[in-house]
Amino acid sequence: LRDLPAEGLRSRAAEALERARARSTVLTGVVDDDDLVRQHSKLMSPLVWDLAHIGSQEELWLVRDVGGREPLRPDIDDLYDAFQHPRASRPSLPLLGPAEARAYVAEVRAKAFDVLERAPMTGRPLTEAGFAFGMITQHEQQHDETMLATHQLRQGDPVLHAPEPPPARSGELPGEVFIPAGSFVMGTSLEPWALDNERPAHEVEVDAFVLDTVPVTNGAYLEFLESGGYDRREWWSAAGWEYRSAHDITAPRFWRRERDGWWRVRFGVHEPVPVDQPVVHVSFYEAEAYAAWAGKRLPTEAEWEKAARFDPATGESRRYPWGNDDPTPEHANLGQRHLSPAPAGAYPKGASAFGVHQLIGDVWEWTSTDFAGYPGFRAFPYREYSEVFFGPEYKVLRGGSFGTDAAAIRGTFRNWDYPIRRQIFSGFRCARDAAPGERA
Ligand code: AVJ
Ligand code: FE
């Protein structure tokens, strides 16, 4: 991307923006207006808020800032400022209705494309290599994933459809992979559309450790559950036990015990829990309890990124587990191409240099690390993207889910959430310290 001429950057940006809009259009087009304005969960905004908020951010950054154009709707800036109104209160705001919201985002998009045709692709940090366009594309895709999570919370018949994910293709994989001690380069200073919290590249020392080859599957998780894992205090942290008890958490979100075993509801489809798929919709606290039960722990964020990016043959960190090429459907389960995680082992071509599978796509993976800035962090272009969330109350998640678009994920990408959250497409894999003298 860095070496592309301005025209190449413009067409990349245009394609990425169009793809995001096609997805937003599906997510807000398959339900009726009633559904768009309804709040499906206190944790989520009405879909119509996300839609106009997407347009509002695009107006702020592309039309006004990059383009220097006149505001279209300065009167609605506050309504769609996520910091002025918590999600729970958004349905009672005088929001744009569905038709108005659609007209607004279309009008903003037409202006943004006009700006894109003329904007220099260098000269100031915001436009360097088309950054602002990449940032707004990722913002729309992030809200698309949020809207997909809202769809999962919605009651009623299925409205989204997609082919089944591919089957496992790897045969028997080793359960764990050994990662030798040594430093590696974490984060990036080069990736042009990387967001502020992924920067700068910096060297990190990591002790030898062992990481699960694949994310924890429903089948493995069921063993924890069936062995009374949710009722055994010893597996839980103090905060985790308090959360589990206060909310009577007894299984992953959307699971139900029936006469013949465990079933789940997935985008309106009622189905037996598929044992070979990674577990999804678990909180950090459940992940932590499972890991303790398994005699393991969650990986740190640095361990996760080293396993994903470090190539011991060259000593370099790659953009993705499989190398530097952008993701294809052969590499990872991304982009809502399927409406569930794929079975463990379904993406052999996506394995990392160390042989760790499915680090990108399928499920977001909880790490044990609190969200914080890297050494030398500088908020860009606004403190409210990352910096205001730094601190011990948020845990980092890595790797993206089946609902994350390729434009919004890479080996350095960092997500974060409260440890109690599980309406997101969150799963995990376990790690452990290497035993003295161990070498897998
Ligand atoms: C990075 C997913 C935590 O959705 O809260 C969207 C992304 N920031 N609009 C979120 C984001 C501003 C953010 N996460
Ligand atoms: Fe946003």
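Once a new chain begins, its residue numbering starts again from 1 and follows that chain's sequence as written. Chains and ligands are labelled by the order in which they are written, letters from A for the one and numbers from 1 for the other. This being a predicted model, a pLDDT of at least 70 is required before a residue's local features are given, and a value of 80 or more before pairs of side-chain atoms are given or counted; all residues contribute to the totals for chains, interfaces and linings. Side-chain numbers come from the whole structure's heavy atoms, not from hydrogens or water.

Per an unreviewed UniProt entry, the protein chain goes by Hercynine oxygenase and derives from Amycolatopsis thermophila. Its UniProt record gives the protein chain the following Function (unreviewed entry) comment, quoted word for word: "Catalyzes the oxidative sulfurization of hercynine (N-alpha,N-alpha,N-alpha-trimethyl-L-histidine) into hercynyl-gamma-L-glutamyl-L-cysteine sulfoxide, a step in the biosynthesis pathway of ergothioneine." Its UniProt record gives the protein chain the following Cofactor (unreviewed entry) comment, quoted word for word: "Fe(2+)". UniProt positions are given in the numbering used here, feature names are shortened, and annotations may be inferred rather than shown by experiment.

> Help me understand the pattern of salt bridges in this model?
Charged atoms that come close allow side chains of opposite charge to pair. Any carboxyl oxygen of Asp or Glu that lies within 4 Å of a side-chain nitrogen of Lys or Arg is treated as forming a salt bridge with it. Scanning all chains against the criterion turns up 42 salt bridges. Here arginine 410 ties to glutamate 198 by a salt bridge, and the two come within 2.8 Å at their closest N and O atoms. Here glutamate 198 lies in the loop between strand S2 (182–186) and strand S3 (202–206) and arginine 410 lies in the loop between strand S11 (391–398) and strand S12 (415–417), a separation of 212 residues in the sequence. Throughout this description, buried means an accessible area under 20% of the type-specific maximum (1.4 Å probe, protein chains only), exposed means over 50%, and partly exposed covers the range between. The class for arginine 410 is buried, based on a relative accessible area of 4%. Residue classification places glutamate 198 among the buried residues on the basis of a relative accessible area of 0%. Put simply, DSSP marks the helices as runs of H or I at least four residues long and the strands as runs of E at least two long, and each gets a number from the N terminus on.

> Mind showing me how you'd approach the site of ligand 1 here?
We call a residue near a molecule or strand whenever a single non-hydrogen atom of that residue lies within 4 Å of it. Near ligand 1 the following residues occur: His139, Gln142, His143, Tyr385, Asn415 and Trp416. Counted as a polar contact is a pair of N or O atoms within 3.5 Å, where, for protein atoms, one must be capable of donating a hydrogen and the other of accepting one, and residues adjacent in sequence contribute only when both atoms are in side chains. Histidine 139 is positioned with one of its side-chain polar atoms (N or O) 3.1 Å from a nitrogen atom of ligand 1. Elements that contribute at least two residues to the shell around ligand 1 include exactly helix H5 (131–153) and S12. Per-element tally for the shell around ligand 1: the top contributor is H5, with 3 residues. Across the shell around ligand 1, the residue classes break down as 2 nonpolar, 4 polar and no charged. Asp, Glu, Lys and Arg are counted as charged, while Ala, Val, Leu, Ile, Met, Phe, Trp, Tyr, Cys and Pro are counted as nonpolar; the rest, among them Gly, fall into the polar class.

> How do you make sense of the coordination of the iron ion (ligand 2) when you look at a structure like this?
Expected angles at a metal are 109.5 degrees for tetrahedral coordination by four donors and either 90 or 180 degrees for octahedral coordination by six donors. For Na, K and Ca the donor cut-off is 3.2 Å, while for other metals it is 2.8 Å, and in both cases only N, O and S atoms qualify; water is not among them, so sites may look incomplete. The coordination sphere of the iron ion (ligand 2) contains the protein donors His53 (NE2), His139 (NE2) and His143 (NE2), at a distance range of 2.1 to 2.2 Å. What the 4 donor atoms of the iron ion (ligand 2) show is an angle range of 90 to 172° at the metal, which sorts the shape as irregular. Written as a sequence motif, the donor residues of the iron ion (ligand 2) are H-x85-H-x3-H. On the criterion of sequence distance, the pair formed by histidine 53 in helix H3 (residues 47–66) and histidine 139 in helix H5 is long-range, its members being 86 residues apart. Here the two residues histidine 53 and histidine 139 agree in accessibility, since each one is buried. Irregular is the label for any site that misses the other tests, which are tetrahedral for four donors with all angles between 85 and 135 degrees, and square planar for four donors or octahedral for six when opposite donors exceed 155 degrees and the remaining angles lie between 65 and 115.

> It is not clear to me how the side chain of glutamine 423 should be interpreted in this structure. Could you clarify?
Among the secondary structure elements, glutamine 423 is positioned in the loop between S12 and strand S13 (426–427). With a relative accessible area of 4%, glutamine 423 lands in the buried category.

> I would appreciate a short explanation of the packing of H3 against helix H4 (residues 98–118) in the present structure.
Describing two packed helices takes the angle between their axes plus the distance from one axis to the other. Contact geometry for H3 and H4: axes closest at 9 Å, N-to-C directions at 25°. Comparing the axis directions of H3 and H4 gives the class roughly parallel. At the point where H3 passes H4, the crossing takes the left-handed sense. Side by side, H3 and H4 meet where Val48, Leu51, Ala52, Gly55, Ser56, Glu58, Glu59, Leu62, Val63 and Val66 of the first sit next to Pro98, Ala101, Arg102, Tyr104, Val105, Val108, Arg109, Lys111, Ala112 and Val115 of the second. Considered class by class, the residues forming the contact of H3 with H4 number 13 nonpolar, 2 polar and 5 charged. The convention used is that axes are lines fitted to C-alpha atoms, helices contributing only their stretch in contact, and that angles between N-to-C directions extend from 0 to 180 degrees. Orientation categories follow fixed angle ranges, with anything under 35 degrees roughly parallel, anything over 145 roughly antiparallel, 65 to 115 roughly perpendicular, and all other angles oblique. The hand of a helix crossing depends on one turn: near helix anticlockwise from the far one by less than a right angle means left-handed, and clockwise means right-handed. Only heavy atoms matter for contacts: two residues are in contact if any of them lie within 4.5 Å across the pair.

> Help me out: how do you make sense of unusual backbone geometry in this one?
What you tend to see is this: most non-glycine residues have negative phi, and most peptide bonds are trans. In this model, arginine 199 is joined to proline 200 through a cis peptide bond whose omega is -10°. In this model, phenylalanine 380 is joined to proline 381 through a cis peptide bond whose omega is -5°. You can see proline 381 is positioned in the loop between strand S10 (364–371) and S11. Despite not being glycine, glutamine 336 shows a phi value in the positive range, around 65°. Looking at the secondary structure, you find glutamine 336 in the loop between strand S9 (316–317) and S10. Even without being glycine, aspartate 362 reaches a positive phi, approximately 70°. Looking at the element boundaries, aspartate 362 is found in the loop between S9 and S10.

> What's the story with the packing of aromatic side chains in this structure? I'm lost.
For Phe, Tyr and Trp, where Trp contributes only its six-membered ring, two rings pair if their centres lie within 6.5 Å, and the inter-plane angle classes them as stacked under 30 degrees, edge-to-face over 60, or tilted in between. Enumeration over the complete set of coordinates arrives at 34 aromatic pairs. The interplanar angle of 10° and the centroid separation of 5.8 Å between the aromatic rings of tyrosine 221 and tyrosine 290 together place this pair among those described as stacked. Taken as a pair, tyrosine 221 in helix H6 (residues 218–226) and tyrosine 290 in helix H8 (residues 284–293) lie far apart in primary sequence, 69 residues in all. When sorted by exposure, tyrosine 221 lands in the same class as tyrosine 290, which is buried. Three or more aromatic residues joined by ring pairs make a cluster, and in this case those are Trp61, Phe83, Phe371, Phe377, Tyr382, Tyr385, Phe389, Phe390, Tyr394, Trp416 and Tyr418. One residue, arginine 244, lies across the ring of tryptophan 241, its end atom 4.9 Å from the ring centre. The criterion is that NZ of a Lys, or CZ of an Arg, lies within 6 Å of the ring centre and within 35 degrees of the ring normal, and then a charge sits over that ring. In this arrangement the basic side chain of arginine 253 is found over the ring face of phenylalanine 254, its NZ or CZ atom lying 4.5 Å from the centre.

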